[in-house]
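What follows is the residue order along each chain.
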Amino acid sequence: MGDVKLADIMQSGESGDVVVLGFPYDEGVARNGGRPGAHLGPEKFRAWLKRFGSLHNPEVETDLTSLKVSDAGDVPPGLSLEEAHTHLTGKVAVVLQAGGIPFVIGGGNDQSYPNARALIETRSGQQVGVINIDAHLDVRPLNSGQAHSGSPFRLLLEDSRFFADRFIEFAAQGSQCSREHANFVRQRNGRIVWLNEMQKMGPAASFDSALEELGSRCDALFVSFDLDSVAAAHAPGVSCPGVLGLSARDAMKIAETAGRHPVVFLFDLSEYNPLIEEERTGRLAAGLFYHFCLGVAARKEGRP
Ligand code: MN
């Protein structure tokens, strides 16, 4: 039994403490001028998850058997991107209504607005907050009226049901963002925590502080993680790798902190592109899911 993995206890279905949902679409990346391949993200993520993540972790003395982890499958392929987004919002809402925490694996970052929309609609009348962990701000205008992987947080900030002072851009890199887009976020009272600024306090402590502050004034939080926020040395398999970025260790810690927080009810992971690089980034993606689950298990057991 010593080598039992988290994936071994995963069940099919939409109910659970943590529920995996796949969004196998990269049309949004193509529309944003990026390289195709992220549509394979969910399939390869599941394959690497089978090979990583002890169910009983002797280092942190955590036994994940207390957690019900499920796999609700993918948004079916072959839809238009607009139909796929609608379908995704519906699937995320079903999991949320059943009391589960969706962990959505993309696919392009365009998935994040449909995901946020599901939380906003499920939590109608409540305060929803969003943290985007990303090298980019992703507040680009639509492309010929169409959503793409660079526009999800513009759509969020323009959604009248969302209050933009409950939005944080975390680990953004000024060398990869335009002044116009930074101003767009700031003019709406969103907050930007730049990568370099965050390095002073340390990424994990800085994320913890941002999450605590936002969590103190929200009923529900959505943590959105773009793998391109991680340095290319640790996450080469993304459409837009950056030389600078979070380390794999920072990323794992952030995922665990998010899982542990009492009002994080939604997490998504975007831009894993196995055509560019499969194994290193696939193991990282699986590791982020595992650490998120370690955090949720600690939350459930009421451990600090
Ligand atoms: Mn992004």
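Above this text is the structure in question.
What you see is a predicted model, and the numbers here were worked out from it, not measured in a lab.

With respect to the overall build of the protein chain
Move 1: Each helix and strand counted, the protein chain has ten helices and eleven strands in total.
Move 2: A burial count over the protein chain gives 60% of its 304 residues as buried.
Move 3: Long-range contacts, defined as pairs at least 24 residues apart, comprise 79% of the intrachain contacts of the protein chain with a sequence gap of at least 6.
Move 4: Entry remark: accessible area of the protein chain is about 11900 Å², with carbon and sulfur atoms responsible for 50%.
Move 5: Where the 29 positive side-chain charges of the protein chain centre and where its 38 negative ones centre are 2 Å apart.

Remarks on the coordination of the manganese ion
Move 1: Asn109 (OD1), Asp134 (OD), Asp138 (OD) and Asp226 (OD) make up the full set of protein donors to the manganese ion, lying at 2.0 to 2.2 Å.
Move 2: In primary sequence terms, the donor set of the manganese ion follows N-x24-D-x3-D-x87-D. Separated by 88 residues along the polypeptide, aspartate 138 in the loop between strand S7 (128-133) and helix H5 (152-157) and aspartate 226 in strand S10 (residues 220-226) bring together distant segments of the chain. Aspartate 226 carries the same exposure label as aspartate 138, and that label is buried.

As for the pairing of strand S2 (residues 18-23)
Move 1: Burial of S2 is extensive: six of the six residues sit out of reach of the surface.
Move 2: Side chains Val18, Val20 and Gly22 of S2 all project onto a buried face; the interleaved residues Val19, Leu21 and Phe23 project onto the opposite face, where all are buried too.
Move 3: With four bridges joining them, S2 and strand S5 (residues 69-74) adopt parallel strand pairing. Paired with valine 19 across the bridge in S5 is serine 70.

Regarding the pattern of salt bridges
Move 1: Inspection of every chain in the model, using the stated rule, returns twelve salt bridges.
Move 2: Among the salt bridges present, the one from aspartate 74 reaches arginine 46, with a minimum N-O distance of 2.9 Å. Note that aspartate 74 is positioned in strand S5 and arginine 46 in helix H2 (residues 41-49), a separation of 28 residues in sequence.
Move 3: Its relative accessible area of 29% is what places aspartate 74 among the partly exposed residues.
Move 4: We note a salt bridge from arginine 260 to glutamate 256, for which the minimum N-O separation is 3.0 Å. Of this pair, arginine 260 and glutamate 256 both sit in helix H9 (residues 248-260), four residues apart, which is roughly one turn of that helix.
Move 5: By sharing partners, the salt bridges in this structure join Glu27, Arg31 and Glu82 into a single network.

Looking at the packing of aromatic side chains
Move 1: Under the counting rule described, the total for this entry stands at eleven aromatic pairs.
Move 2: Relative to phenylalanine 289, the ring of phenylalanine 45 has its centre 5.8 Å away and its plane inclined at 85°; by these criteria the two rings are edge-to-face. Of this pair, phenylalanine 45 sits in helix H2 while phenylalanine 289 sits in helix H10 (residues 279-300); the two residues are 244 residues apart in sequence, bridging distant segments of the chain. As far as burial versus exposure is concerned, phenylalanine 45 and phenylalanine 289 are alike and both buried.
Move 3: For the pair phenylalanine 52 and tyrosine 290, a centre-to-centre distance of 5.8 Å together with 85° between the ring planes defines the contact as edge-to-face. Residue phenylalanine 52 is found in the loop between H2 and strand S3 (56-57), and its partner tyrosine 290 is found in helix H10; the two are separated by 238 residues along the sequence.
Move 4: By way of ring pairs, the aromatic residues Phe45, Phe103, Phe225, Phe267, Phe289 and Phe292 are connected into one cluster.

Some thoughts on the environment of lysine 91
Move 1: With respect to the element layout, lysine 91 can be found in helix H3 (residues 81-97).
Move 2: Judged by relative accessible area, which is 15%, lysine 91 ranks as buried.
Move 3: Measuring from C-alpha to C-alpha, the distance between lysine 91 and glycine 73 comes to 9.7 Å, with 18 residues separating the pair along the chain.

Examining the side chain of histidine 148
Move 1: As for its placement among the helices and strands, histidine 148 is situated in the loop between S7 and H5.
Move 2: Overall, the relative accessible area of 3% leaves histidine 148 in the buried class.
Move 3: Beyond its immediate stretch of four places on either side in the chain, histidine 148 contacts Gly28, Arg31, Asn32, Asp110, Arg140, Pro141, Leu142 and Asn143.

As for helix H6 (residues 179-187)
Move 1: Regarding H6, the residues found buried are His181, Ala182, Phe184 and Val185. Projected down its long axis, H6 carries its buried residues within an arc of 155°, all on one side. Structural note: H6 exposes Arg179, Glu180 and Gln187 on the side pointing more than 90 degrees away from its buried face.
Move 2: Looking at the packing, one finds that the buried side of H6 touches H5, strand S8 (167-172) and strand S9 (191-194).

Re helix H8 (residues 203-215)
Move 1: Across its 13 residues, H8 extends 18 Å between first and last C-alpha, which sits within 8% of the 18 Å expected from 1.5 Å per residue.
Move 2: Among all positions of H8, only Pro203, Ser206, Phe207, Ala210, Leu211, Leu214 and Gly215 are buried. For H8, the buried positions fall inside an angular range of 155° around the axis, keeping them on one side.

What counts, and at which threshold
- Residues numbered from 1 in each chain as written.
- Predicted model: local features only at pLDDT ≥ 70, side-chain atom pairs only at ≥ 80, totals over all residues.
- Heavy atoms only, no water.
- Helix = DSSP H or I, 4+ residues; strand = E, 2+ residues; numbered from the N terminus.
- Buried < 20%, exposed > 50% of the residue type's maximum accessible area, 1.4 Å probe, protein only.
- Contact = heavy atoms within 4.5 Å.
- Areas by Shrake-Rupley, 256 points an atom, 1.4 Å probe, with all protein chains shown as cover.
- Lys, Arg positive; Asp, Glu negative; His and termini not counted.
- Charge placed at Lys NZ, Arg CZ, Asp CG, Glu CD.
- Donors = N, O, S within 2.8 Å, 3.2 Å for Na, K, Ca; no water.
- Pairing = 2+ DSSP bridges.
- Salt bridge = Lys/Arg side-chain N within 4 Å of Asp/Glu carboxyl O.
- Phe/Tyr/Trp six-rings, centres within 6.5 Å; stacked < 30°, edge-to-face > 60°.
- Arc of directions from axis to C-beta.
- Expected span 1.5 Å × (residues − 1).

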